[in-house]
Amino acid sequence: MTAIAVPADTGHIAPAQKSALYWAFSDTMAVANRNLITLRRVPQLLIFSTVQPVIFVLLFRYVFGGAISTGPIPYVDYLMPGIFVQTVTFGATNTAVGLADDLLKGFIERFRSLPMARSAVLAGRTLADLVRDTLVVLLMLVVGIMVGFRIHTNVFALVAALVILLLFAFALAWVFALIGLGASNGEAAQAASFPIVAVLVFASPAFVPVDTMPSWLQGFANHQPVGATVNAVRALCIGGDTATWVIQSILWSIAIVAVFAPLAVRAYKRA
């Protein structure tokens, strides 16, 4: 009788034994890496993502800042939390533009033909955009410090502010993923995205105190998602009623993901 050699247990799991969750995670990381490779090979994408926020910082700090009263709080300290939120809000439109371009060039069809998780393309894109947002926000923090921005609380509150900011950025990416999948090209995606971000950012406490706005606008400015996040980040950076705004911002982020992530995945399946 011929003996049959049994291979030693190496601890590796056969592909067939790996769970669907494992493969979904693996596919997501592969797509995220693909988008990050693009960012590394075309660093201008990261550079130009910071140009607009830097212009806003210089414009409001040195041109409009002297005409805006924020009481005992230096205007630059009031301004920078709003700039942080404005940066990730406008940056989220890149998700729409990128997905619209992928759809136009046929990459989405190629991905759909592969045996990969349906959610991986969108999750990978939003994850890569979150990494980009992290780099841009850290750069804007350095710019803010250079123009006089100072933290009035402590380093732990600053870290919490950055976490809330990035959670909000991740939530917005799903909104604009849905817009990108419904657009015919990158230009159309950008055109469809701009009115949304413009209304949310400029009708908020990002740049001026809400009490200077008309009374009918004040409630909307404070309690829409961008306004709540601006107030949360500002409270964590310079003090104030922190818990109320932090809870509102987190709830907005969770609600946005809960609504728009399934809609975006559904749109991807039909794209």
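Residues numbered from 1 in each chain as written. Predicted model: local features only at pLDDT ≥ 70, side-chain atom pairs only at ≥ 80, totals over all residues. Heavy atoms only, no water.

Student: I keep staring at the nonpolar core and nothing clicks. Help me out?
Tutor: Among the nonpolar cores identified, the biggest contains 54 residues, and Ile-83, Phe-84, Phe-176 and Phe-207 are the most heavily contacted of them. When residues of this core are traced back to their parent elements, those giving at least two are helix H2 (44-64), helix H3 (75-91), helix H4 (93-105), helix H6 (120-146), helix H7 (155-182), helix H8 (186-202), helix H10 (225-238) and helix H11 (242-270). Ranked by residue count, the leading element in this core is H7, at 13 residues. With residues near it in sequence (within four places) discarded, Ile-83 still touches Pro-53, Phe-56, Val-57, Met-140 and Phe-207. Listed in part, the 19 residues of the second largest apolar core include Phe-111, Met-116, Ala-177 and Ala-264. (Core = buried A, V, L, I, M, F, W, Y, C linked by side-chain atoms within 4.5 Å. Buried < 20%, exposed > 50% of the residue type's maximum accessible area, 1.4 Å probe, protein only. Helix = DSSP H or I, 4+ residues; strand = E, 2+ residues; numbered from the N terminus. Contact = heavy atoms within 4.5 Å.)

Student: Just to check I follow, could you spell out the layout of surface pockets for this structure?
Tutor: Which parts of space are left empty comes out when a probe the size of a water molecule is rolled across the atoms. Here the second largest pocket defines a volume of roughly 240 Å³. Per-element accounting of the lining of the second largest pocket gives the leading share, four residues, to H10. When grouped by side-chain class, the residues that make up the lining of the second largest pocket number seven nonpolar, four polar and three charged. (1 Å grid on protein atoms, 1.4 Å probe; cavity = no way out; pocket = protein on both sides within 12 Å on 5 of 7 lines; lining within 4 Å. Points joined across faces, edges and corners; volume = space filled by probe spheres on them. Nonpolar A, V, L, I, M, F, W, Y, C, P; charged D, E, K, R; others polar.)

Student: Where do I start with the side chain of Asp-77 in this structure?
Tutor: For Asp-77, the location among the structural elements is in helix H3. We note that Asp-77 is buried and unpaired, the nearest opposite charge coming from Arg-150 at a distance of 6.6 Å. Engagement of the side chain of Asp-77 in a polar contact is seen with the side chain of His-152, the distance being 2.7 Å. (Lys, Arg positive; Asp, Glu negative; His and termini not counted. Salt bridge = Lys/Arg side-chain N within 4 Å of Asp/Glu carboxyl O. Polar contact = N/O pair within 3.5 Å; in protein donor to acceptor, adjacent residues only side chain to side chain.)

Student: Explanation requested: a nonpolar patch on the surface in the structure shown.
Tutor: On the surface, a cluster of nonpolar side chains totalling about 860 Å² of accessible area is made up of Ile-47, Phe-48, Val-51, Ile-55, Leu-58, Leu-59, Tyr-62, Val-63 and Phe-64. With respect to the secondary-structure elements, Leu-58 resides in helix H2. (Patch = residues over 30% accessible without salt bridge, like charges linked within 9 Å, V, L, I, M, F, W, Y side chains within 5 Å. Areas by Shrake-Rupley, 256 points an atom, 1.4 Å probe, with all protein chains shown as cover.)

Student: Help me out: how do you make sense of the pattern of salt bridges in this one?
Tutor: Side-chain pairs of opposite charge can arise where the charged atoms are in close proximity. The full count for this structure, using the stated rule, is four salt bridges. Between Asp-129 and Arg-132 there is a salt bridge, and its shortest N-O distance comes to 3.1 Å. Separated by three residues within a single helix, Asp-129 and Arg-132 lie in helix H6, roughly one turn from each other. For Asp-129, a relative accessible area of 6% translates into the label buried. Three or more residues are tied together by salt bridges with common partners; here these are Arg-34, Asp-102 and Arg-125.

Student: What is the right way to read H11 from this model?
Tutor: Every α-helix carries 3.6 residues per turn, so stepping three or four residues along brings you back to the same face. Between its first and last C-alpha, H11 extends 42 Å over 29 residues, near the 42 Å set by a 1.5 Å rise per residue. The largest bend in H11 is about 25 degrees, located at Phe-260, with the proline Pro-262 one to four residues further on. Summarising the contacts, the buried residues of H11 are in contact with helix H5 (107-113), H6, H7, helix H9 (215-223) and H10. (Expected span 1.5 Å × (residues − 1). Bend = angle between axes of the 7 residues up to and from the residue.)

Student: In this structure, what is going on with the packing of aromatic side chains? I would like to understand it.
Tutor: Aromatic rings considered in pairs are described by the distance between their centres and by the relative angle of their planes. Tallying each qualifying case throughout the model produces ten aromatic pairs. Look at Phe-56 and Phe-60: their rings are 6.1 Å apart centre to centre, the planes differ by 10 degrees, and that puts the pair in the stacked class. Of this pair, Phe-56 and Phe-60 both sit in helix H2, separated by four residues, roughly a single helical turn. Of the residues examined, Phe-56 reaches a relative accessible area of 16% and is grouped as buried. Of the residues examined, Phe-60 reaches a relative accessible area of 10% and is grouped as buried. (Phe/Tyr/Trp six-rings, centres within 6.5 Å; stacked < 30°, edge-to-face > 60°.)

Student: How should I be thinking about the packing of H3 against H6 in this particular structure?
Tutor: How two helices pack is summed up by the angle between their axes together with the distance between the axes. Between H3 and H6, the shortest axis-to-axis distance is 10 Å and the interhelical angle comes to 150 degrees. On the basis of the axis angle, H3 is roughly antiparallel to H6. In the crossing of H3 with H6, the sense of the turn from one axis to the other is right-handed. Across the interface between the two elements, Met-80, Ile-83, Phe-84, Thr-87, Val-88 and Gly-91 from H3 touch Arg-132, Asp-133, Val-136, Val-137, Met-140, Leu-141 and Gly-144 from H6. For the contact of H3 with H6, the per-class residue count stands at eight nonpolar, three polar and two charged. (Axes fitted to C-alpha atoms, helices over the stretch in contact; angles between N-to-C directions. Parallel < 35°, antiparallel > 145°, perpendicular 65-115°, else oblique. Left-handed = near helix turned anticlockwise from the far one by under 90°.)

Student: How should H4 be read in this particular structure?
Tutor: Here H4 contains 13 residues, and its C-alpha end-to-end distance of 19 Å stays within 8% of the 18 Å for a straight helix at 1.5 Å per residue. Inspection of H4 places Thr-93, Thr-95, Ala-96, Gly-98, Leu-99, Ala-100 and Asp-102 among the buried residues, and these make up the whole buried set. Once H4 finishes, Gly-106 follows within two positions and takes phi at roughly 90 degrees, a positive value.

Student: In this structure, what is going on with the packing of H3 against H4? I would like to understand it.
Tutor: Direction vectors running N to C along H3 and H4 enclose 15 degrees, while the axes themselves pass 4 Å from each other. The angle between the axes of H3 and H4 places the two elements in the roughly parallel class. On H4, the residues that touch Thr-89, Phe-90 and Gly-91 of H3 are Thr-93, Asn-94 and Thr-95. Within the contact of H3 with H4, the residues separate by chemical class into one nonpolar, five polar and no charged.

Nothing here speaks to function; it is all geometry.
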